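Here is what each chain is made of, one letter per residue.
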Amino acid sequence: ILGPQGVGKGTFANKLMGSFFGKGLHYAHIVNPEHLVGTFNGLVATSVLIVLDECLFPGNHTHASVLKSLLHDEQKVLRQLFKDAVMVPCYDHVIVLSNDAFAFRMEKDGRSGAGAEIAPAHTSKCLLQAKRTVRARRAILMRQIAQAE
């Protein structure tokens, strides 16, 4: 998601997506690239949604390769302090928030994502629509769960 500072990209991620996926359990909002590409990555161990908030450098090949593996690999290596590294299933979906049009490195034939740009004039309208969408999807999911029981 591309947009100028203060447009509400972080608010969208934390208030809407974070509450939908459960902050701290299946949702990780990362502002420091070391939490993703560093030696220990326990923060993203159980994540289903990872929001990378202004934390990737497009010229860094390590950032690019870690992002690519999160998007394409079926398993990821989990490294926690004082524990052996283990392979865990990778169900990650990634949202990149940035003010920079070149937030991360994509290959010419890349098939890993889509982008959205938010203009300041449409911020509140976009957030309202996103909130409605999340509520509708949550209601559908709850109905499906109830029917399955």
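Given the structure is predicted, the values throughout are model-derived calculations rather than measurements.

Thoughts on the environment of S19
Position of S19 relative to the elements: it lies in helix α1 (residues 9-21). A residue is classified by how much of its surface remains accessible, and S19, at 42% relative accessible area, is partly exposed. When neighbours within four sequence positions are excluded, S19 is seen to be in contact with N14 and R138.

Brief notes about the nonpolar core
If you look at the biggest cluster of nonpolar residues, it comprises 13 residues, and the most contacted ones within it are I30, L36, V44, I50, L52, L56 and L70. The contact partners of I50, leaving out residues within four places of it in the chain, are A28, I30, V44, L70, D92, H93, V94 and I95. Within the second largest apolar cluster, nine residues are counted, among which are Y27, V51, I95 and L97.

Looking at the pattern of salt bridges
Evaluation of the coordinates by the stated rule reveals one salt bridge. In this structure, the salt-bridge partner of K76 is D92, at a minimum N-O distance of 3.0 Å. Taken together, the residues K76 in strand β3 (residues 75-78) and D92 in the loop between β4 (86-89) and β5 (93-97) connect sequence positions 16 residues apart. Comparing K76 with D92, the two get one shared label, buried.

Quick look at α1
Here α1 spans 17 Å end to end across 13 residues, near enough to the 18 Å set by a 1.5 Å rise per residue. Buried within α1 are the following residues: K9, F12, A13, L16, M17 and G18. The first or second residue beyond α1 is G22, which carries a positive phi of 85 degrees.

Definitions and limits used
- Residues numbered from 1 in each chain as written.
- Predicted model: local features only at pLDDT ≥ 70, side-chain atom pairs only at ≥ 80, totals over all residues.
- Heavy atoms only, no water.
- Helix = DSSP H or I, 4+ residues; strand = E, 2+ residues; numbered from the N terminus.
- Buried < 20%, exposed > 50% of the residue type's maximum accessible area, 1.4 Å probe, protein only.
- Contact = heavy atoms within 4.5 Å.
- Core = buried A, V, L, I, M, F, W, Y, C linked by side-chain atoms within 4.5 Å.
- Salt bridge = Lys/Arg side-chain N within 4 Å of Asp/Glu carboxyl O.
- Expected span 1.5 Å × (residues − 1).

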